[in-house]
Structure formats: C-alpha cells, structure tokens
Amino acid sequence: MLIGHAFEEGVLHLSLPGDLALTSRSAADLEAQALAHAHRPRLVRVQLSTADPSPASLSVLSRVRRFCENVRIPLTVVGPVPAALPQPEVIDMT
C-alpha cells in the first residue's frame, strides 16, 4: 500500500506520504477510492505527513477531495503532527 489508513467510528483516516512519486499518484488515488468504497465512511480525514508535500501528494489530495465531493462524503485535511518539543533540562542545584 502506498497510503496508510485506519477506520474507526465511521471515520476513514488516510495518511499520504509527503514524498509520493508521480509514477505512484494514480495507484495512491485508486487505493483511497477503494478504501472509501469498502468502508462507506461518514467522514474521510487525510493526514499530510510533511509541511511540504510533493506535487504528486497534492495531486492525490486533490483527487480524493473531488471523489469525496462526488459521493458526498465530508473531507478534512490535517497537517503533519508536530514533533514533540524537547523538554528543558533540569539541573539539580542541591
């Protein structure tokens, strides 16, 4: 599979790789559509894995958006999960 996915409580969670190649674009789009047909979600949520996705990743996102519009499934898109901030070092002064 080119895209990650999970299905819970009626929501199809899709994860698009940020470095998707143009040659994989159609396959990723077909995977997303097949998952939506199989699960019949009430909502599709797309997670971008990077703040700077490749043109192919953006193209798949656009195709998924168009597909969801056509079958009247709401779509949400979220950006990458921010890395945890480093915890400040605690120095024992005793």
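Scroll up to find the structure this text is about.
Residues numbered from 1 in each chain as written. Predicted model: local features only at pLDDT ≥ 70, side-chain atom pairs only at ≥ 80, totals over all residues. Heavy atoms only, no water.

## Topic: helix α2 (residues 55-71)
Right, on to step 1. Taking 1.5 Å per residue as the helical rise, α2 with its 17 residues ought to reach 24 Å, and the 25 Å between its terminal C-alpha atoms agrees with that figure.
Right, on to step 2. Looking at α2, one finds that the buried residues are Ala-56, Ser-57, Ser-59, Val-60, Leu-61, Val-64, Phe-67 and Cys-68.
Right, on to step 3. Of the surrounding secondary structure, the elements contacted by the buried residues of α2 are β2 (11-16), α1 (25-39), β3 (43-48) and β4 (75-78).
Right, on to step 4. Once α2 ends, the next one or two residues include Arg-72, with phi positive near 60°. (Helix = DSSP H or I, 4+ residues; strand = E, 2+ residues; numbered from the N terminus. Expected span 1.5 Å × (residues − 1). Buried < 20%, exposed > 50% of the residue type's maximum accessible area, 1.4 Å probe, protein only. Contact = heavy atoms within 4.5 Å.)

## Describing the pairing of β4
Right, on to step 1. Where β3 meets β4, four bridges bridge the pair, whose relative direction is parallel. Looking at the pairing, Arg-45 lines up with Thr-76 of β4.
Right, on to step 2. In terms of handedness, the path from β3 via α2 over to β4 forms a crossover that is right-handed. (Pairing = 2+ DSSP bridges. Right-handed = clockwise from strand over helix to strand, strands pointing away.)

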